Amino acid sequence: MAGITFRNVVKTYDNGVTVIPDLNLEIKDKEFVVLVGPSGCGKSTTLRMIAGLESITDGELYIGDKLMNAVAPKNRNIAMVFQNYALYPHLSVYKNMTFALELAKVPKEEMNRRVNWAAEILGLKPYLDRKPKALSGGQRQRVALGRAMVRDPEVFLLDEPLSNLDAKLRTEMRSQISKLHKRLGTTFVYVTHDQTEAMTMGDRICVMKDGVIQQFDTPQNLYDYPCNLFVAGFIGSPQMNFVDTEVKRAGDGYVLCFGEAEIAANKPELAAYEGKRIICGVRPEDLHAEKSFFGKGNAIDAYIDLDEMMGSETYLYLKYAGEKLIARVPARYAKKAEENIELAIDVEKIHLFDKETHQRITKD
């Protein structure tokens, strides 16, 4: 078993700066977990502590049932894939892949078997005699993956491995890494600042900010039920719209008022906020131009400040009641900049947050 457990882990550097104040995290055996967050949130430090490249100031780190705090990196049975590939330029692909095996004195026949196995999976057999400089960026990244695979580790650690690739190669490599995880059945921990990578690859995603886990959940739950304002704004592209609204009673329910709009929000949790202001979150795709969404007083008449044609859809940058909003609408409905457009808010998809604590108000 190669699950990973952090128990009250603290990381403080020699200059007194604490980057991880109190980390509690449990990654299951064979799980693909993505650590995501803005620069400086502590995700790479967390990965490097698993690898043993960063010491732990306090707390306990386990891989499987073994305490790892004092275990040297070479004895942790992990393999790490770096952003810059970290290949030896003077060695062939074959030699790069066998380098760690030679140091471990693995028999030559076994080395050949492992390299051929990894090269077959990664499509590297035609390139085994080449040097890294003769390979494309995607091929170099596959060599880095192959070098990790031949070690047969319990845990794969990947630190922003696709950030140096162009958009097309990133998409291709995302697919290859996901397939590789399923094929190997090994624990993967993947660090990225790219939420698209996180959403498409992870079994679960750990969203971090200032060294603190904000939410650790499945991609779908993060998207549908963000626990606070930070997660709601970080997950989703374009990011969620946030509007300062007032809660008012309307008959047996409640409405959210901003500008001339009154958005029905019949949530029992709003009883505690009657007459107060909260933050209403609306994703760009939940602002609709289709007439079927209109009704119940949920329409707004907004001014289009800028339009961005994206092919099958258009991003509209709007102004309404002093707020800036973004709508993602089908191209056939799109109007142009400096025009007004009537849009309906899907009231079943709104997200409500406490203005003071920034925590999610509603449970569903």
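Keep in mind the model is a prediction, meaning the values are calculated, not measured.

Moving on, we get to the overall build of the protein. The helix and strand inventory of the protein stands at eight helices and 20 strands. Here the protein, with 364 residues, has 49% of them falling under the buried criterion. For the protein, long-range pairs separated by at least 24 residues make up 66% of all intrachain contacts whose partners lie at least 6 apart in sequence. Positive and negative side-chain charges in the protein, numbering 48 and 50 respectively, have mean positions lying 8 Å apart.

What is expected of a backbone is that most residues other than glycine have negative phi and most peptide bonds are trans. A cis geometry characterises the amide bond from Ser237 onward to Pro238, with omega recorded as -10°. Relative to the elements of secondary structure, Pro238 occurs in the loop between helix 8 (229-234) and strand 11 (241-250). Look at Glu338: it is not a glycine, yet its phi comes out positive at around 70°. For Glu338, the position within the fold is in the loop between strand 18 (323-330) and strand 19 (340-345).

Counting residues in each nonpolar core, the largest one holds 44 residues, and the members touching the most others are Met97, Leu145, Leu158, Ile177 and Tyr190. If sequence neighbours within four positions are ignored, Ile177 has contacts with Phe32, Leu145, Leu158, Leu162, Phe188, Tyr190 and Met201. By size, the runner-up hydrophobic cluster in this structure holds 31 residues, among which are Val243, Ile300, Val347 and Ile361.

Looking now at the pattern of salt bridges. With the rule as written, the count across this model stands at 14 salt bridges. Linking Arg204 and Glu31 is a salt bridge whose minimum nitrogen-to-oxygen distance equals 2.5 Å. Placement of the pair is Arg204 in strand 9 (residues 204-209) and Glu31 in the loop between strand 2 (18-27) and strand 3 (32-36), with a sequence separation of 173 residues. For the residue pair Arg204 and Glu31, the accessibility class agrees, reading buried in each case. Each of Asp244, Glu246, Arg277 and Lys355 takes part in salt bridges that share partners, so that together they form one network.

Here five bridges tie strand 16 (residues 299-309) to strand 19, and the two strands are oriented antiparallel to one another. The partner of Ile300 across the bridge, within strand 19, is Leu343. Pairing analysis gives six bridges linking strand 16 to strand 17 (residues 313-320), with the strands arranged antiparallel. In the sheet register, Ile304 faces strand 17, and the bridge partner there is Leu318.

It is worth spelling out the side chain of Glu31 at this point. Judged by relative accessible area, which is 8%, Glu31 ranks as buried. In this structure the side chain of Glu31 is engaged in a polar contact, spanning 2.9 Å, whose partner is the backbone nitrogen of Lys28. Discounting chain neighbours no more than four positions away, the residues touching Glu31 are His181, Thr186, Thr187, Phe188, Asp203 and Arg204.

Our focus in this paragraph is the sheet that holds strand 18. Taken together, the five strands give an open sheet; going across it, the order is 15-19-16-17-18, and neighbouring strands pair in antiparallel fashion. Of all the strands in the sheet, just strand 15 (287-288) and strand 18 have a single pairing partner and so form its edges. As defined by bridge partners, strand 15 adjoins strand 19 across two bridges and the pair is classed as antiparallel. In the strand pairing of strand 19, Leu287 is matched with Ile345.

Moving on, we come to the sheet that holds strand 1 (residues 4-12). Across a sheet, strands are paired by hydrogen bonds formed along the backbone, either parallel or antiparallel in direction. Reading across the sheet, the four strands line up as 2-1-4-5 and stay open at both edges, with antiparallel pairing between neighbours. Single-partner strands in this sheet number two, and they are strand 2 and strand 5 (66-67). Two strands pair when backbone bridges link them, and strand 4 (residues 58-63) and strand 5 are joined in this way by two bridges, in the antiparallel orientation. When the bridges of strand 5 are listed, Ile63 appears paired with Lys66. Helix 1 (residues 43-51) contacts strand 1, strand 2 and strand 4 of the sheet and is inclined by roughly 115° relative to strand 1.

Structural remark: α-helix, 3.6 residues per turn; residues separated by three or four positions point the same way. All of the buried residues along helix 2 (residues 93-103) are Val93, Tyr94, Asn96, Met97, Thr98 and Leu101. Against the buried residues of helix 2 lie helix 3 (108-122) and helix 4 (137-149). One or two positions beyond helix 2, positive phi appears at Lys105, with a value near 60°.

A few words now on the packing of aromatic side chains. The final tally for this structure, using the stated rule, is seven aromatic pairs. Between Phe230 and Phe234, the aromatic rings sit 5.8 Å apart at their centres with planes inclined by 20°, giving stacked as the arrangement. With Phe230 and Phe234 both in helix 8 and four residues apart, this pair spans about one turn of that helix. Here the aromatic residues Phe32, Phe156, Phe188 and Tyr190 are joined through ring pairs into a cluster of three or more.

Okay, the packing of helix 3 against helix 4 next. Where helix 3 contacts helix 4, the axes come no closer than 9 Å and their chain directions differ by 140°. Considering the relative orientation of helix 3 and helix 4, their crossing is right-handed. For the pair helix 3 and helix 4, the contacting residues are Trp117, Ala118, Ile121 and Leu122 in the first and Arg142, Leu145, Gly146 and Met149 in the second. For the contact of helix 3 with helix 4, a count of residues per class yields six nonpolar, one polar and one charged.

Parameters at a glance
- Residues numbered from 1 in each chain as written.
- Predicted model: local features only at pLDDT ≥ 70, side-chain atom pairs only at ≥ 80, totals over all residues.
- Heavy atoms only, no water.
- Helix = DSSP H or I, 4+ residues; strand = E, 2+ residues; numbered from the N terminus.
- Buried < 20%, exposed > 50% of the residue type's maximum accessible area, 1.4 Å probe, protein only.
- Contact = heavy atoms within 4.5 Å.
- Lys, Arg positive; Asp, Glu negative; His and termini not counted.
- Charge placed at Lys NZ, Arg CZ, Asp CG, Glu CD.
- Core = buried A, V, L, I, M, F, W, Y, C linked by side-chain atoms within 4.5 Å.
- Salt bridge = Lys/Arg side-chain N within 4 Å of Asp/Glu carboxyl O.
- Pairing = 2+ DSSP bridges.
- Polar contact = N/O pair within 3.5 Å; in protein donor to acceptor, adjacent residues only side chain to side chain.
- Axes fitted to C-alpha atoms, helices over the stretch in contact; angles between N-to-C directions.
- Phe/Tyr/Trp six-rings, centres within 6.5 Å; stacked < 30°, edge-to-face > 60°.
- Left-handed = near helix turned anticlockwise from the far one by under 90°.
- Nonpolar A, V, L, I, M, F, W, Y, C, P; charged D, E, K, R; others polar.

Distances and angles like these do not, on their own, reveal function.
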